[in-house]
Amino acid sequence: STGDTQPVQNLRVLLRVAADGGDKMAWGRHWITEGLKSFEALAASRAGLCSVGDTVTMADICLVPQVYNANRFGVDMSQFPTITRIVEHLESLPEFVAAHPDNQPDAPKPTA
């Protein structure tokens, strides 16, 4: 499930993968992709504007940060059309805009 991807993206785990000679980006990308495949399969038959119908649920609240990380890790999101559509909708909602990591007071400022 998508929830299974979060622990393997934690810095502590990624540093261990790298210390053991692994490619932490490939490791993260693999596990995120596996989790999103499961979510895509479930959402394909349940989604409306959101993961389950047209109302925001906990699934949506958990999905948006997973997709943020998927993008950080270079996951090919074209294989997840339902997820992509859902997240595009969610990211247009004021609550999700306000919660975006780049909009937090302690977010690093872009350098020129």
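Look up a bit, the structure's there.
Everything numeric in this text was worked out from a predicted model, so none of it was measured. (Residues numbered from 1 in each chain as written. Predicted model: local features only at pLDDT ≥ 70, side-chain atom pairs only at ≥ 80, totals over all residues. Heavy atoms only, no water.)

Enquirer: I tried to follow the overall build of the protein chain on my own but got confused; where do I start?
Expert: Within the protein chain, the secondary structure is distributed over six helices and zero strands. Principal axes of the C-alpha set define a box for the protein chain whose edges measure 45 × 35 × 25 Å. Split into buried and exposed, the 112 residues of the protein chain put 32% on the buried side. Taking all contacts inside the protein chain whose residues are at least 6 apart in sequence as the whole, residues at least 24 apart take part in 65%. When the accessible area of the protein chain is evaluated, it comes to approximately 7000 Å², of which 59% is carbon and sulfur surface. Distance from the positive charge centre (9 side chains) to the negative charge centre (13 side chains) of the protein chain: 8 Å. (Helix = DSSP H or I, 4+ residues; strand = E, 2+ residues; numbered from the N terminus. Buried < 20%, exposed > 50% of the residue type's maximum accessible area, 1.4 Å probe, protein only. Contact = heavy atoms within 4.5 Å. Areas by Shrake-Rupley, 256 points an atom, 1.4 Å probe, with all protein chains shown as cover. Lys, Arg positive; Asp, Glu negative; His and termini not counted. Charge placed at Lys NZ, Arg CZ, Asp CG, Glu CD.)

Enquirer: Just checking my understanding: could you explain the packing of helix 3 (residues 24–43) against helix 4 (residues 58–72) for this structure?
Expert: It is the contact of helix 3 with helix 4, at a shortest axis distance of 10 Å, that shows an interaxial angle of 145°. Crossing of helix 3 against helix 4: the hand is left-handed. Along the contact surface, helix 3 presents Met25, Ile32, Leu36 and Phe39, while helix 4 presents Ala59, Leu63, Gln66, Asn69, Ala70 and Arg72. When grouped by side-chain class, the residues that make up the contact of helix 3 with helix 4 number seven nonpolar, two polar and one charged. (Axes fitted to C-alpha atoms, helices over the stretch in contact; angles between N-to-C directions. Left-handed = near helix turned anticlockwise from the far one by under 90°. Nonpolar A, V, L, I, M, F, W, Y, C, P; charged D, E, K, R; others polar.)

Enquirer: Help me understand the nonpolar core, please; the structure alone is not making it clear to me.
Expert: General note: in soluble globular proteins, nonpolar side chains tend to be found buried as a group. Within the largest apolar cluster, 20 residues are counted, with the highest numbers of intra-cluster contacts made by Leu36, Leu63, Met77, Ile83 and Leu90. Among residues more than four places away in sequence, those in contact with Ile83 are Leu36, Phe39, Glu40, Leu63, Val67 and Met77. (Core = buried A, V, L, I, M, F, W, Y, C linked by side-chain atoms within 4.5 Å.)

Enquirer: Would you take a moment to explain a nonpolar patch on the surface for this structure?
Expert: On the surface, a cluster of nonpolar side chains totalling about 280 Å² of accessible area is made up of Val56, Met58 and Ile61. Its place among the elements puts Met58 in helix 4. The exposure class assigned to Met58 is exposed, which follows from its relative accessible area of 56%. (Patch = residues over 30% accessible without salt bridge, like charges linked within 9 Å, V, L, I, M, F, W, Y side chains within 5 Å. Salt bridge = Lys/Arg side-chain N within 4 Å of Asp/Glu carboxyl O.)

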